[in-house]
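# Structural overview
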Amino acid sequence: MEPVKIGILGLGTVGSGTVNVLARNADEISRRAGREIRVVHAAARDLKRPRACSTEGIRLTDKPEEVVNNPEVAVVVELMGGYEPARSLVLRAIENGKHVVTANKAMIAAHGNEIFAAAQKKGVMVAFEAAVAGGIPIIKTIREGLAGNRIEWLAGIINGTCNYILTEMRDRGADFGDVLKEAQQLGYAEADPTFDVEGIDAAHKLTILAAIAFGVPLQFDKAYTEGISKITRLDVEYAEQLGYRIKLLGLARRAPTGIELRVHPTLIPERRLIANVDGVMNAVLVKGDAVGPTMYYGAGAGADPTASAVVADIVDVVRTLTADPNNRVPHLAFQPDQLSNLPILPIDEVETAYYLRLQAHDKPGVLANVTRILGDLGISIEAILQKEPREGENTVPVIILTQRVLEKHMNQAIAKIEALSSIAGKVMRIRLEHLNRDWK
Ligand code: NDP
Ligand code: HSE
């Protein structure tokens, strides 16, 4: 049978990784796909730049539109990243009747509804396994493996760069900026690393996971997003002393009045498996009503792990080339006319527990005032820890863990605590989740 011809947009970390894996495992891959898969055309910005893969036999261009318009190419693999020109090129590829594989979570989270509608109309596939959690096949797992379940919630460490930074801060006492540079050198970070550290990349991925878990449209603009840039080594240390780890989590939950969709640093009890997922590794916990809690673990970034997911999608596309478009697995797991309009809840309406760190002047009655404010708002305290003042400081750090409370009530409490003359500066607030089976 004729080989299936592939065009690749982007030959950076993931693009080169994909060419390498396709070459290295060519025999195994064609035995699985039933056809040889051949990369014939690839685009990059700077054709003089050395590549981490062999480009022998691949026509190179700095004009990506040549790849999407090449009649020989059956599958376009978009590995450039960013919103534009990726979106326009993918729409053009679809218009030209080509199947698309992409690792671009930003594009899928922001423009996926438009892209899938175009693909549906044209009867082509758009596969995006590598867009979430790198090498972990989490899209296929939720979309197909858990298709019998009503998904109740999911929680994931879905940004390798942030997990790498938090782990190195904890284990080596390393400085935030230094570790970020390392993550960039290792090829983990996005072209603009603020996407990683401010939680935007995780929010892109969470938006995609929530859509396929709950059968709702992609709604990136409604995700609550908070990154790790304000987390200090002190918080990491105090959390440890209380038996918790701080992780950047993406959380999506079917609450009684709507869907929670939030990315923020989170304290997790250290006895949980997911609290022990370190470095660039990712993990996603998914709770289905039938299967119960399940967890998926693997490398969340890097050339080969991400290529593993990209190549799996290419194989899937090649296997289904001849299948009736109406009998394919739907892009977002649920049939396009069966999406639900469950609202995404604003963060004020989300209930969670909290870690609070305040700087208190060391005088009588301070703690009593703070606990009174919390008590008046119905906020129960789980634990309190008062630390020694640090050298040269005339205030003492006080750490409070609370039970679950609506975010809007916690906001009121924090405003009142910050207004006390005995409290210096701002209250540091980090949300806390126990991640137990019944979300309590
Ligand atoms: P890189 O920056 O390493 O590679 C991007 C590639 O696209 C480069 O080869 C670049 O060319 C090319 N490119 C960019 N813009 C253009 C353009 N306008 N015209 C032609 N070529 C262009 O990114 P990554 O490989 O890290 O990421 C690619 C995608 O994969 C992104 O969507 C990213 O979010 C996603 N992803 C990345 C992971 C990772 O671990 N890195 C993991 C999972 C997903 P040139 O080399 O000449 O500059
Ligand atoms: N920048 C991303 C991360 C790449 O660090 O997780 C993988 O999607």
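Computed from a prediction, not measured in an experiment: that's the story for all the values here.

### Some words on the overall build of the protein chain
The secondary structure content of the protein chain amounts to 14 helices and 17 strands. Taken over C-alpha atoms, the radius of gyration comes to 24 Å for the protein chain, in line with the 22 Å a tight globule of 440 residues would show. Based on the C-alpha atoms only, the size of the protein chain along its principal axes is roughly 80 × 45 × 35 Å. Within the protein chain, the proportion of its 440 residues that are buried is 55%. Carbon and sulfur atoms make up 48% of the accessible area of the protein chain, which totals about 18600 Å². Between the centroid of the 51 positive side chains of the protein chain and the centroid of its 54 negative side chains there is a distance of 2 Å.

### Notes on the pattern of salt bridges
Side chains that differ in charge, positive against negative, can pair when their charged atoms come close. Evaluated as defined, the whole model comprises 32 salt bridges. With its nearest N and O atoms 2.6 Å apart, the salt bridge here joins R31 to E28. Placement of the pair is R31 and E28 together in helix α2 (residues 26–33), with a separation of three residues, close to one helical turn. R31 sits in the exposed class, given a relative accessible area of 67%. Residue E28 is classed as partly exposed on the basis of its relative accessible area of 36%. For E182, the salt bridge identified is with R172, shortest N-O distance 2.9 Å. Of this pair, E182 sits in helix α8 (residues 176–185) while R172 is found in helix α7 (residues 160–172), placing the two residues 10 residues apart along the sequence. Given a relative accessible area of 48%, R172 falls into the partly exposed group. Within this structure, R253, E260, R262, E351, R404 and E433 form a network of salt bridges that share partners.

### Digging into the domain arrangement of the protein chain
Examined at the domain level, the protein chain breaks down into domain 1 (4–135 + 303–338), domain 2 (147–299) and domain 3 (349–432). A combined buried area of about 1600 Å² lies between domain 1 and domain 2, and 70% of that area is made up of carbon and sulfur atoms. Area buried by domain 1 at its contact with domain 2 is led by K105, A109 and V132, which between them contribute 34% of it. The tally of links between domain 1 and domain 2 comes to two salt bridges.

### Quick notes on the site of ligand 1
In the vicinity of ligand 1 lie 24 residues, with V14, D46, R51, E190 and G302 positioned nearest. In the environment of ligand 1, an oxygen atom lies 3.0 Å from a nitrogen or oxygen atom belonging to the backbone of G12. Contact between ligand 1 and R45: an oxygen atom at 3.0 Å from a main-chain N or O atom of the residue. When isolated, ligand 1 has an accessible area of 900 Å², and the protein chains bury 87% of it. Taken together, the residues of the shell around ligand 1 break down into 10 nonpolar, eight polar and six charged.

### Topic: the sheet that holds strand β3 (residues 59–61)
Spatially, six strands are ordered β3-β2-β1-β4-β5-β6 in an open sheet, and the strand pairing comes out parallel. On the outer flanks of this sheet lie β3 and β6 (126–127), each paired with one strand and no other. Alignment of strand β5 (residues 99–102) against β6, held across two bridges, turns out to be parallel. When the sheet's bridge partners are listed, V101 is paired in β6 with A127. The sheet contacts of helix α12 (residues 303–319) involve β1 (4–9), β2 (37–43), β4 (75–78), β5 and β6, and relative to β5 the element is tilted by about 165 degrees.

### Details of the site of ligand 2
Ligand 2 sits among K105, N159, G160, T161, Y188, A189, E190, D196, D201, K205, G300 and A301. Within the side chain of T161, a nitrogen or oxygen atom sits 2.6 Å from an oxygen atom of ligand 2. For ligand 2, an oxygen atom lies 2.8 Å from a polar atom in the side chain of K205. Contact with the protein chains removes 94% of the 260 Å² of surface that ligand 2 exposes when unbound. Among the elements of the structure, α7 and α10 (200–214) are those that each provide at least two residues to the shell around ligand 2. Grouping the constituent residues of the shell around ligand 2 by class yields three nonpolar, four polar and five charged.

Rules behind the numbers
- Residues numbered from 1 in each chain as written.
- Chains lettered and ligands numbered in written order.
- Predicted model: local features only at pLDDT ≥ 70, side-chain atom pairs only at ≥ 80, totals over all residues.
- Heavy atoms only, no water.
- Helix = DSSP H or I, 4+ residues; strand = E, 2+ residues; numbered from the N terminus.
- Rg over C-alpha atoms; globule rule 2.2 N^0.38 Å.
- Buried < 20%, exposed > 50% of the residue type's maximum accessible area, 1.4 Å probe, protein only.
- Areas by Shrake-Rupley, 256 points an atom, 1.4 Å probe, with all protein chains shown as cover.
- Lys, Arg positive; Asp, Glu negative; His and termini not counted.
- Charge placed at Lys NZ, Arg CZ, Asp CG, Glu CD.
- Salt bridge = Lys/Arg side-chain N within 4 Å of Asp/Glu carboxyl O.
- Domains from an automatic or database assignment.
- Buried area = accessible area lost by both parts, 1.4 Å probe.
- Near = heavy atom within 4 Å.
- Polar contact = N/O pair within 3.5 Å; in protein donor to acceptor, adjacent residues only side chain to side chain.
- Nonpolar A, V, L, I, M, F, W, Y, C, P; charged D, E, K, R; others polar.
- Pairing = 2+ DSSP bridges.
- Contact = heavy atoms within 4.5 Å.
- Axes fitted to C-alpha atoms, helices over the stretch in contact; angles between N-to-C directions.

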